[in-house]
Amino acid sequence: MLRPKEKISAKRAFRCEERTTYNITTNTTSLAPSTATTPYEYPNAMLINKKDGDGNPIHPRLAQDFMLKENEHFNDIPVNMERSDVQVPVNVYNEAPDVLNAVKWSKKLDSVFIENGKKDPTLTWQYFGSSTGFFRQYPGIEWEPGANDIDEYDCRNRGWYIQAATSPKDIVIVVDRSGSMKGLRLEIAKQTVDTIIDTLADNDFFNVIAFNKDVSYIEKCFANTLVQATSDNKELLKNGVQQLEADGMANFETSLDTAFQMLRDFNTTGQGSWCNQAIMVITDGAPRNYEQIFRRYNHPDRRVRVFSYLIGREVGESAPVKWMACANKGYYTQIATLADVQENVMKYIHVLSRPMVIRRAHGTIWTNVYMDSSNTGEGLALMTTVARPVFDMRNKTSLEGNLLGVVGIDVPVSELMKLAPPLKMGVNGYAFIITNNGYILTHPDLRPTVVMEPGGDPITKPNYNSVDLGEVEISDTEEKLRTSMVKRETGSLKFKVQEHLDNMKRIMVHENSYYFTQIDETPFSLGIAIPSPYGKYFVEGSIKDRSKGMLRRNGLDPLRKGATGPVLAKWKYCQLTTAEANNMTQLDAIVRYLENDNKITGKSPTIAKQCNRELVDHVMFDAAITEVLDSFWIAVKGNSTKYGIQQVFVGTKGGVTRFYSYLEHPDEMTERDFINKTKNTIQATYYKRAAELGPDYFVYSVPFDQGLSNDTNFVVTASTAIFLQKGSGPRAVAAVAGLQMNHESFSNLFFAATAQCADSTSPENCMGCEENDDLDCYLLDDGGYIVVSEQSEDIGRFYGEIDGTMMSEMVELNLYDKIDFTDYQGMCRTTSADSTAAATRLLNPIINLIGYILWWSKELAVLLAQFSLYNLLSGQFEYTSAGSQPDYAPCDKAVTLYKANFSLNKGNIVFDGYIDCNDCQKSFNIKLVPNSNLILLVVDSSCSCNLVPNFNLNPREVSYILPVIASLHRHLSVTS
């Protein structure tokens, strides 16, 4: 769901006339049908290593023995690093002459793939998608079939192939819904429209109109214009197409006139792709060719191509439909069954590619982000694909415009993010990349997966690759940042930003300075956000004396694994890609790097070349200056344990974490959990909050809703930022130190402090919180969560959930700021009308049975006549049951959060007052605890007051009025 806000979109990714022509030749040994006596053999990825019951290959030529070995670089997937293999989808015959010939000449790509891998060891998958339908992938793998063991993957349908094969395009789809289209023909037409829409990408613009005697727009809000082919716009129009019904007569003249006029008007506004324009006509026949329409709008230049799709097996009046396409530089095809849709629709791609082939316009494209297996060892990761078309450049076929296919390489987004490593960004600073359409390629708040049920597996969100920059940098209300980056400008901006933490239970509000510029040779722009003012400065440290003796004392010794660490952040200090480094940790690699650095020892091993010297130098510096903490922590152990302190730690900007446990028998699971939460230092929550609060402040926190669990043995975590300042100049965060303290000990210290008398002359007037049944005492943190309470079940809960009246009073006193936040990447449980209807049918099986009998009696003859075996196998023509509906769908969620106003923490201010309730007065006393994020609240518990309902911090779904949504889609697409 989109938010009610206008956006601009990129007018175009590339213009036809802007494409650069390269003199690149492709060695196509033979494209003619093979005349060899023995058919060509090749490793089919679906058949390799497959044997029958007798141990023989299941296919004599395609089921070859293919060596596979697990490879860490490819996420431990078994691969063949010496060869590629070939996948052929089920709708393509794997021994067709054109397939065999293309497989044969493309085998020479293996040497190119291998050489690429040697030049750049970080490369992952390399591949070639052929226009004949096969997919050559390196390294070779065993291909896993899809659902029902049917391999429906066709590389020609993938975004990277379509984007590279064609220029951006403006398309009007004209679908006939006259009475002759009733029944299965209309279903085929709907599927044809859906398939065409699926081939469109963010750089394309389109619209769909339907006609009988009148012309109607599928979406009324998109009347008389084209819209950008975003995932939301495509889904909106596809849903509208499914509601079409057939009746009446067909008025071709008005529909064609409307389509041409729409393309002409849209192009004159300066919007759209500026490359290809086309009209797709979907009909079961036309009485004449309407030549006068085409001469009026399209001759003699024929700038608009026309593609005609004749629907049905037995059709008449096909000649006029064929003329429309052939006389207007398009393509004509007949779609007899649902099985024919995919293959026939895709033919228009190769027609639109011909001008590029003839002009040798090798344009390089980059796709939107997607999730795929990576070489990081962490399963799925964010990826993008860079791809280029491959042309037939032989002299005798150069004017035919033959597209041979598309070659591509998967690029992990993490490789692009090496442009801005965490060390450079600092605490609460971050880098992000967006596409030319404003979509996020990577951003710290991009959340492509979500766990919907406690203990469940993460699921990938349907719209994760179309998250707009304005949906994560939501404080950019005027969208100046988005607009500048979409236009690929270089510059800077400054404004306040909201940043949520802890799964949207806390929020930080601070001012960021933004710096942005384009990334050359890509459609991407890089942005960097730096918090003001402390983020503009950083502590730079290195071991300057690099003699071997100093290195041993100041470099390696502090890095040796000892009682207190160190633990390194999960950053790429060294690129572990060689066989020697396969079993190394980052710490091991750094130690090996220091031992073998050729500037010190004269050696020059591979691993030394793979380490980031700046990062390693910072690690050495941080390890050396924190090494003294070992002896200090041990020296203060007695006092620490007396106060219930269980663990102390420090995290540095360079990613070094040292910690020391005072427990005699520390729990291994608890320690591992602590390391996982703290080891990323500047990217960890404890580090971010301490740096934001400033120097000389401690940030205290307890686990959320801890009191509702049965675990009473938990800790309070406290952390404080260590700032370095040069004279009276600016200061920078050098590290964050902290401790974990037994919560019971912390509570006892608090209640003991409340029992002390400020006025020793009148001890009889002193009474502690625990001694007075009419007082409730709380320690609240900066988010309003309870850190200490007399009621143990309240620990970790939001105070507003317990007493909405008192929380509302604190908001009125400006102690807490109320902040409304909207999550535009939410997921909500669906409640579909289909599922309700299904439930009703189950309750009345007799009506259900009658309905099926009537349906079969009406449709069986048509089904048997028109339906093919492939439909049955692929499941493309089926009725969706309620059980197949998704449980969750993308939505917008709103939540109200609270943040303490620490500007009041000057002057030791105390708030005293009372609230007039119905029959009593509720008195209270509030004080900000110095040098902390805590607020002391003492409230009269004898007066029950429910003037304001208790608060609810659970996110709630945002609903939009339908016309507003349609308006959003239109503004998103066409505003320039």
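Where do I start with the overall build of the chain in this structure?
Looking only at helices and strands, the chain has 28 helices and 37 strands in total. When burial is assessed residue by residue, the chain has 53% of its 976 residues classed as buried. In the chain, once contacts between residues fewer than 6 apart in sequence are set aside, the share between residues at least 24 apart is 70%. As presented, the chain carries roughly 45,300 Å² of accessible surface, and 50% of it is formed by carbon and sulfur atoms.

Which parts of the structure should I look at to understand the nonpolar core?
Soluble, globular proteins show a tendency: their nonpolar side chains are buried together. Residues W160, I173, F206, V208, I282, Y309 and Y348 are the most contacted members of the largest nonpolar core, which totals 95 residues. For this core, the leading source of residues is helix α4 (residues 184–198), giving 7 residues. Ignoring sequence-local partners within four residues, the contact set of I173 consists of V193, I196, I197, N207, V208, I209, M280 and I282.

Would you explain unusual backbone geometry in this entry?
In this structure, the amide linkage connecting H299 to the following residue, P300, adopts the cis form with an omega of 5°. Assignment of secondary structure puts P300 in the loop between α7 (291–298) and β11 (304–311). Phi is positive for N49, which is not a glycine, with a value near 65°. Within the element layout of this structure, N49 appears in the segment before β1 (69–71). One non-glycine residue with positive phi stands out, namely M504, at about 65°. Relative to the elements of secondary structure, M504 occurs in the loop between β21 (491–501) and β22 (506–518). Of the residues examined, M504 reaches a relative accessible area of 10% and is grouped as buried.

Help me out: how do you make sense of the environment of C611 in this one?
By the element assignment, C611 lies in the loop between α17 (606–609) and α18 (613–626). C611 gets classed as buried once you look at its relative accessible area, which sits at 11%. For the pair C611 and I590, spaced 21 residues apart in sequence, the C-alpha to C-alpha distance is 7.5 Å. With residues near it in sequence (within four places) discarded, C611 still touches Y573, C574, A589, Y593 and V616.

I tried to follow the pairing of β22 on my own but got confused; where do I start?
On a regular strand, one side chain projects to one face of the sheet and the next to the other, so that they alternate. Examined bridge by bridge, β21 and β22 share 11 bridges and lie antiparallel to one another. Note on β22: the bridge partner recorded for S492 is Y515. Following β21, the chain reverses through 4 residues before pairing antiparallel with β22; D502 in that reversal takes a positive phi of roughly 50°. Bridge count between β22 and strand β23 (residues 525–531): 7 bridges; the pairing is antiparallel.

I tried to follow the sheet that holds strand β18 (residues 440–442) on my own but got confused; where do I start?
Hydrogen bonds between backbone atoms are what pair the strands of a sheet, whose relative direction is either parallel or antiparallel. Strand order across the open sheet formed by 5 strands is β18-β17-β23-β22-β21, with antiparallel pairing between neighbours. Of all the strands in the sheet, just β18 and β21 have a single pairing partner and so form its edges. Strand-to-strand twist across the sheet, computed as the mean angle between neighbouring axes with direction ignored, equals 35°. As paired strands, strand β17 (residues 430–434) and β18 are joined by 2 bridges and run antiparallel to one another. Each residue of the ladder has a partner; that of I434, found in β18, is I440.

Whenever I open this one, the packing of aromatic side chains confuses me. Can you help?
Ring pairs (aromatic) are described by centroid distance and by the angle formed between their planes. Counted by the stated rule, this structure contains 37 aromatic pairs. Taken together, a centroid distance of 5.0 Å and an interplanar angle of 65° make the contact between F211 and F252 edge-to-face. A residue pair is termed long-range when its members are at least 10 positions apart, and F211 in strand β7 (residues 205–211) and F252 in helix α6 (residues 252–268) qualify at 41 residues. Among the residues examined, F211 registers a relative accessible area of 1% and is labelled buried. Cluster of aromatic residues (ring-pair linked, three or more members): Y127, F135, W143, Y153, W160 and Y161. Geometry around F723 places R731 over its ring, the cationic atom sitting 5.6 Å from the centre.

Rules of the game
Residues numbered from 1 in each chain as written. Predicted model: local features only at pLDDT ≥ 70, side-chain atom pairs only at ≥ 80, totals over all residues. Heavy atoms only, no water. Helix = DSSP H or I, 4+ residues; strand = E, 2+ residues; numbered from the N terminus. Buried < 20%, exposed > 50% of the residue type's maximum accessible area, 1.4 Å probe, protein only. Contact = heavy atoms within 4.5 Å. Areas by Shrake-Rupley, 256 points an atom, 1.4 Å probe, with all protein chains shown as cover. Core = buried A, V, L, I, M, F, W, Y, C linked by side-chain atoms within 4.5 Å. Pairing = 2+ DSSP bridges. Axes fitted to C-alpha atoms, helices over the stretch in contact; angles between N-to-C directions. Phe/Tyr/Trp six-rings, centres within 6.5 Å; stacked < 30°, edge-to-face > 60°. Lys NZ or Arg CZ within 6 Å of the ring centre and 35° of its normal.

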